[in-house]
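Overview (structure and organization)
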Amino acid sequence: MDKVYSLLGLAKKAGQLLSGDETCERTIKSGKAVLVVVANDASENTKDKFKSMCNYHSVPYREYGLKLELGKYTGKEIRAVVSITSKDFKNGLLKLIDKSTNETGGEGFGKS
């Protein structure tokens with residue numbers, strides 16, 4: 001199993017991960033989100049919406065994985081977006097996602 005998905009699952013069990021469009025939007029706007037992860041196969045509209053919102057609210061944004069996988073490892077069916085509310089999980093996830101992105105030659109968004 002992918003270490004990123006494993007850490008997302010742990011964050012969910014610890015109550016430090018929220019998922020879904022509207023929930024994540026509220027979390028960002030309230031200042032509780034410390035990291036937002038959007039699935040690579042999410043719509044361009046969803047990616048643009050959250051990228052813009054995260055930039056405005058100074059929240060790190062990353063694109064990673066697939067909607068089906070994000071859902072599976074966070075206890076839902078399909079999820080396009082998740083937000084992390086714990087700095088400890090944020091740091092671990094950023095490290096793993098950025099390492100994975102650099103190894104595959106992808107682009108990391110909103111690095112901080």
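Anything mentioned here points back to the structure above.
This report concerns the structure included in the present document.

Each value, and the rule that gives it
- Residues numbered from 1 in each chain as written.
- Predicted model: local features only at pLDDT ≥ 70, side-chain atom pairs only at ≥ 80, totals over all residues.
- Heavy atoms only, no water.
- Helix = DSSP H or I, 4+ residues; strand = E, 2+ residues; numbered from the N terminus.
- Rg over C-alpha atoms; globule rule 2.2 N^0.38 Å.
- Contact = heavy atoms within 4.5 Å.
- Areas by Shrake-Rupley, 256 points an atom, 1.4 Å probe, with all protein chains shown as cover.
- Lys, Arg positive; Asp, Glu negative; His and termini not counted.
- Charge placed at Lys NZ, Arg CZ, Asp CG, Glu CD.
- Buried < 20%, exposed > 50% of the residue type's maximum accessible area, 1.4 Å probe, protein only.
- Pairing = 2+ DSSP bridges.
- Polar contact = N/O pair within 3.5 Å; in protein donor to acceptor, adjacent residues only side chain to side chain.

1. A look at the overall build of the protein
Helix and strand counts for the protein come out as five helices and four strands. Counting from the amino terminus, the protein carries its helices and strands in the arrangement α-β-α-β-α-β-α-β-α. Taken over C-alpha atoms, the radius of gyration comes to 12 Å for the protein, in line with the 13 Å a tight globule of 112 residues would show. Along the first, second and third principal axes, the C-alpha atoms of the protein reach 30 × 30 × 25 Å. For the protein, the proportion of contacts with a sequence separation of at least 24, taken over those separated by at least 6, is 77%. For the protein, the accessible surface area stands at approximately 6100 Å², while carbon and sulfur atoms represent 48% of it. When the 19 positive and 14 negative side-chain charges of the protein are each reduced to one mean point, those points stand 6 Å apart.

2. Some words on the pairing of strand 4 (residues 81–84)
Across the two faces of strand 4 the burial is the same, with Val81 and Ser83 and Val82 and Ile84 all buried. With three bridges connecting them, strand 1 (residues 17–19) and strand 4 associate as antiparallel partners. Bridge pairing in strand 4 links Ser19 to Val82. Two elements, strand 2 (residues 35–38) and strand 4, share four bridges in a ladder whose sense is antiparallel. Paired with Val38 across the two strands is Val81, which belongs to strand 4.

3. Things to note about the side chain of Glu63
Residue position: Glu63 is located in strand 3 (residues 61–63). Glu63 sits in the buried class, given a relative accessible area of 15%. Here Tyr61 takes part through its side chain, which lies 2.8 Å from a polar atom of the side chain of Glu63.

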